[in-house]
Amino acid sequence: MGSCEFCNLSSEDEQWLFYTSDFWKVYLADKQDYIGRCIVVSRRHCESLSSLYLQEWDDLKYTIDLLEKVISKALDATMFNWTCLMNNAQKKNETCAHVHFHLRPRYKESIKINDQVYYDEEFAHHYKNDKENKLDSESGEVLFKILKHCMTKMN
Ligand SMILES: [Zn+2]
């Protein structure tokens, strides 16, 4: 499956993997436009929500619960925006697709990472699609360690 993005992640991409379950993988997104943004990816090729097996939904439920708990605890997120869009695979004409979800934590209050303060300027509104990455690479690594540490403690 040479043209599949998720089957061919670089080792650089794979370093942002912070949780693996039987059926799902969770990565910290490279674009941190919303702090703690993650992507939850099906481990098998599966093109649509309707093609998921019940065990995968069960495992997804567990994964969502865990992620929301971890990010609430670690970053004091107020709530979460979840989206499942699946547009890019069509754009790139990929031969396989993996159902995946984008998780954007949302914050009523400011949040501090690596001594820098961030605001969710659109809180209580639809997330902005063209928002820039807020974290430099050092702060991204700090965030990853915070989430990974919290995940290890709570799972
Ligand atoms: Zn694939």
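Details of the structure are given in the entry above.
For clarity, every value in this text was computed on a predicted model and none was experimentally measured.

Chemist: Could you give an account of the environment of Cys46, naming the residues involved and the relevant values?
Modeler: Here Cys46 shows up in the loop between β3 (38-42) and α2 (54-75). Measuring from C-alpha to C-alpha, the distance between Cys46 and Glu12 comes to 24 Å, with 34 residues separating the pair along the chain. In contact with Cys46, other than residues within four places in its own chain, are Ser51, Leu52, Met86, Ala97, His98 and Val99.

Chemist: I'd love a proper account of a nonpolar patch on the surface, names of residues and values included.
Modeler: Together, Leu49, Leu54 and Trp57 line one region of the surface with nonpolar side chains, adding up to about 310 Å² of accessible area. Turning to its location among the elements, Trp57 is positioned in helix α2. Judged by relative accessible area, which is 35%, Trp57 ranks as partly exposed.

Chemist: Could you give an account of the side chain of Arg37, with specific residues and numbers?
Modeler: By secondary structure assignment, the location of Arg37 is in the loop between β2 (24-28) and β3. Those residues in contact with Arg37 that lie beyond four places of it in its chain are Tyr27, Leu28, Ala29, Lys31, Gln32, His102, Leu103, Arg104 and Pro105.

Chemist: Any details on the nonpolar core? Residues and values, ideally.
Modeler: Residues Phe18 and Ile71 are the most contacted members of the largest nonpolar core, which totals 35 residues. Those elements that provide at least two residues to this core are β1 (17-20), β2, β3, α2, β5 (100-106), β6 (111-113) and α4 (137-154). With 6 residues, the top contributor of residues to this core is α2. In this view, Ile71 contacts Gly36, Cys38, Asp76, Ala77, Phe80, Leu103, Pro105, Tyr107 and Leu147; residues no more than four positions away in its chain are not counted.

Chemist: Please set out the packing of aromatic side chains residue by residue, giving values where relevant.
Modeler: For the coordinates displayed, the defined rule picks out 5 aromatic pairs. When the centroid spacing of 6.2 Å and the interplanar angle of 85 degrees are considered together, the rings of Phe18 and Phe144 count as edge-to-face. Of this pair, Phe18 sits in strand β1 while Phe144 sits in helix α4; the two residues are 126 residues apart in sequence, bridging distant segments of the chain. For the pair Phe18 and Phe144, a shared accessibility class is recorded, and that class is buried. When the centroid spacing of 6.0 Å and the interplanar angle of 55 degrees are considered together, the rings of Trp24 and Phe101 count as tilted.

Chemist: Can you explain the side chain of Ser42? Please cite residues and give values.
Modeler: When you line up the elements, Ser42 lands in strand β3. Look at Ser42 and you get buried, because its relative accessible area is 2%. Each residue touching Ser42, except ones within four places of it in the same chain, is listed here: Phe23, Trp24, His98 and Val99.

Chemist: I'd like to hear about the environment of Asn155, residue by residue, with values.
Modeler: Among the secondary structure elements, Asn155 is positioned in the segment after α4. The residues touching Asn155, leaving out its near neighbours within four places in the chain, are Tyr19, Tyr62 and Leu66. At 2.8 Å, the side chain of Asn155 and the side chain of Tyr62 are in polar contact.

What counts, and where the lines are drawn
- Residues numbered from 1 in each chain as written.
- Predicted model: local features only at pLDDT ≥ 70, side-chain atom pairs only at ≥ 80, totals over all residues.
- Heavy atoms only, no water.
- Helix = DSSP H or I, 4+ residues; strand = E, 2+ residues; numbered from the N terminus.
- Contact = heavy atoms within 4.5 Å.
- Patch = residues over 30% accessible without salt bridge, like charges linked within 9 Å, V, L, I, M, F, W, Y side chains within 5 Å.
- Areas by Shrake-Rupley, 256 points an atom, 1.4 Å probe, with all protein chains shown as cover.
- Salt bridge = Lys/Arg side-chain N within 4 Å of Asp/Glu carboxyl O.
- Buried < 20%, exposed > 50% of the residue type's maximum accessible area, 1.4 Å probe, protein only.
- Core = buried A, V, L, I, M, F, W, Y, C linked by side-chain atoms within 4.5 Å.
- Phe/Tyr/Trp six-rings, centres within 6.5 Å; stacked < 30°, edge-to-face > 60°.
- Polar contact = N/O pair within 3.5 Å; in protein donor to acceptor, adjacent residues only side chain to side chain.

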